[in-house]
Amino acid sequence: MNVLLIGGGGREHALAWKIAQSPLLEKFFAIPGSPGIAAFAECVENIPVDDNAALVSFAADRAIDLVVVGPEAPLVNGLVDSLNDAGIKAFGPTKSAAQIEGSKIFAKRLMKKYGIPTAAFEVFDNPDDAKAYIRKQGAPIVIKADGLAAGKGVIVAQTLDEALNAVDEMKAFGTAGSKIVVEEFMDGEEASVLALTDGEKIIPLIAAQDHKRAFDGDKGLNTGGMGAYAPAPIVNDEIAAQVEERILKPTIDALKAEGITYRGCLYAGLMIKNGAAKVVEFNCRFGDPETQVVLPLMESDLLELMTACADGSLRDKKLSWSKSSAVCVIMASGGYPKAYKKNLPIDGLTKAKALGAMIFHAGTKLKGDELVTSGGRVLGVTTTAPTLREAVGKAYRAVEVIHFDGVHYRRDIAARALN
Ligand code: AMP
Ligand code: GLY
């Protein structure tokens, strides 16, 4: 198969690494790709990922058999629809299906209509009405921009003042923040369950736990994710069964009832408390950095599974998993998720690899021969080991030999599971 991967972050690097192991793979391209992905695929940098027509024409020219769309933006922008219209197979939901992430209002209303467990909510397009409602409800309370905001459009307000300010801060997200959701605060422990689906059958992957806040002890701002581990023990067999029966299957069926066939990866962000799971959010794609810990544990052929999702033939597929644990520590630019410097030289990667780590590039680029930082999240350092404790030790030993100016990482990834 000739495969084209869209995206260039840490998640796409992990996808590329896994796809490259498939015996089905022939030619492999990535747009835009990254210095990490370049080890597996020919990276094409001059086609913008929001130019559907140009992407379709590239895929047609290169006789691409499957386009794998990594990030949410091109999915919400209808890339899969354009590819399918041109007769090109793609892994990922269509524009209408991607609304499950592209519009929090769409997702919340769908869950409410079909009885899928989630926090109570109200929708506002007028800041004053939102503030009046917040005053009535009190804190803690959660304020969310309706549209895409790179994981940063959510404010969990502990005080009334914070909540009222959050309403004004939503303006920073432009049209994505012109409508807002005000949501009941949910207490509990979070986990991510990603699932492959062809719109009929759904196969959950091994559960992972992300670390969304910037600093140790879950302090600081929400980020795209500062690290992850899998499997997540909080998702025991009972919770896993509940997530499948009460959340994943009903969501695919709810979409179908609305006339939408969802194909690709459905990501359920969960809050778990007292043996019950509720949905925090849905994403229409693989998680980042969850993918960087889930795929290293997957023994099955991902390319074969993705093709089955696109074809509607997931029915007879099964997945097999390694018994090991995996952890990924994100090394970020100092200042992230706020302003940070770029173009800082990165070193130590060869040493870190010699210590048994996989290095997934999230925000790097080559300046001549030199690897430099180019994003907020720069690298994901993943290790696997028979136990989570060993994987964590191994990951941090690798992290410690990697350096760039201002580097910031959390030192407590997976601590919750280890305690
Ligand atoms: P989201 O982008 O919707 O996943 O929100 C980002 C993060 O905000 C989540 O991972 C949670 O940590 C937190 N969060 C979102 N909604 C709620 C809620 N209703 N109650 C408590 N925390 C929440
Ligand atoms: N790890 C959070 C996300 O992918 O949205």
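Within any chain, residue numbers begin from 1 and follow the written order of that chain's sequence. Each chain gets a letter, beginning with A, and each ligand a number, beginning with 1, in the order they are written. Two thresholds apply to this predicted model, a pLDDT of at least 70 for residue-level local features and 80 or more for giving and counting side-chain atom pairs, whereas whole-chain, interface and lining totals are computed over all residues. Computation of side-chain values covers all heavy atoms of the structure but excludes hydrogens and water.

> How should I be thinking about the site of ligand 1 in this particular structure?
By convention in these notes, a residue is near a molecule or strand provided one of its non-hydrogen atoms lies within 4 Å of it. Around ligand 1, the surrounding shell holds 15 residues, and the nearest of these are Glu-183, Glu-184, Met-186, Glu-190 and Glu-281. Contact between ligand 1 and Lys-144: a nitrogen atom at 3.0 Å from a side-chain N or O atom of the residue. All accessible-area figures derive from a Shrake-Rupley calculation using a 1.4 Å probe, and residue coverage is judged against the displayed protein chains alone. Protein burial of ligand 1: of its 470 Å² of free accessible surface, 95% is covered by the chains. Elements are defined by DSSP. Helices are runs of H or I of four residues or more, strands are runs of E of two residues or more, and each kind is numbered from the N terminus. Looking at the shell around ligand 1, the elements with two or more residues in it are strand S7 (141-145), strand S8 (154-157), strand S9 (180-184) and strand S17 (276-283). Residue classes follow a fixed rule: Ala, Val, Leu, Ile, Met, Phe, Trp, Tyr, Cys and Pro count as nonpolar, while Asp, Glu, Lys and Arg count as charged, and any other residue, Gly among them, counts as polar. Residue composition of the shell around ligand 1, by class: 7 nonpolar, 1 polar and 7 charged. N or O atoms within 3.5 Å of each other form a polar contact, as long as, within protein, one can give a hydrogen and the other can take it, and as long as residues adjacent in sequence are counted only when both atoms are side-chain atoms.

> Would you explain the sheet that holds S8 in this entry?
Adjacent strands of a sheet pair through backbone hydrogen bonds, lying either parallel or antiparallel. Two strands pair if DSSP finds at least two bridges between them. Pairing within the open sheet is antiparallel, and its 4 strands lie in the order S6-S9-S7-S8. What marks the edges here is a single partner per strand, and that holds for strand S6 (121-124) and S8. Each strand of the sheet is rotated relative to its neighbour by a mean of 20°, with strand direction disregarded. Note: S7 against S8, 4 bridges, orientation antiparallel. The partner of Ile-141 across the bridge, within S8, is Ala-157. Contacts are assigned to residue pairs that have any heavy atoms within 4.5 Å of one another. An axis is simply a line fitted to the C-alpha atoms; with a helix, the fit covers only the stretch in contact. Between two such axes, the angle follows the N-to-C directions and lies from 0 to 180 degrees. Its contacts with the sheet put helix H6 (residues 104-114) on S6, S7, S8 and S9, and the angle it makes with S6 is roughly 140°. Against the sheet, helix H8 (residues 160-169) contacts S7, S8 and S9, and its axis sits at roughly 165° relative to S8.

> Just checking my understanding: could you explain the side chain of Arg-11 for this structure?
Summarising the element assignment, Arg-11 is placed in helix H1 (residues 10-19). Residue Arg-11 is classed as buried on the basis of its relative accessible area, which comes to 7%. A distance of 2.9 Å separates the side chain of Arg-11 from the side chain of Glu-12, its partner in a polar contact. Only protein chains enter the accessibility calculation, which uses a 1.4 Å probe; a residue whose area is less than 20% of its type maximum is buried, one above 50% is exposed, and one in between is partly exposed.

> Which parts of the structure should I look at to understand the sheet that holds strand S1 (residues 3-7)?
Strand order across the open sheet formed by 5 strands is S3-S2-S1-S4-S5, with parallel pairing between neighbours. This sheet does not close on itself; its edge strands, each paired only once, are strand S3 (42-43) and strand S5 (90-91). Here helix H11 (residues 302-311) sits on the sheet in contact with S1, strand S4 (66-69) and S5, set at roughly 95° to S4.

> How should I be thinking about the packing of H1 against H11 in this particular structure?
Helix packing for two helices is described by the angle between their axes and how far apart those axes are. Interhelical geometry of H1 versus H11 gives an angle of 105° and a closest axis separation of 8 Å. Here H1 lies roughly perpendicular to H11, going by the angle between them. Residues Leu-15, Lys-18 and Ile-19 of H1 touch H11, and the partners they reach there are Leu-302, Leu-303 and Met-306. When its residues are assigned to classes, the contact of H1 with H11 shows 5 nonpolar, no polar and 1 charged. Throughout, the term roughly parallel applies to angles under 35 degrees, roughly antiparallel to angles over 145, roughly perpendicular to angles from 65 to 115, and oblique to all others.

> Explain the pattern of salt bridges here, please?
Each salt bridge in this description consists of a side-chain nitrogen of Lys or Arg and a carboxyl oxygen of Asp or Glu lying within 4 Å of one another. Under the definition given, this model contains 21 salt bridges. Its salt-bridge partner being Glu-281, residue Lys-104 comes within 3.7 Å of it at the nearest N-O pair. Of this pair, Lys-104 sits in helix H6 while Glu-281 sits in strand S17, placing them 177 residues apart in sequence. Take Lys-104 and Glu-281: they sit in the same class, and that class is buried. Beyond isolated ion pairs, a larger network of salt bridges with shared partners links Asp-218, Arg-410, Asp-412 and Arg-416.

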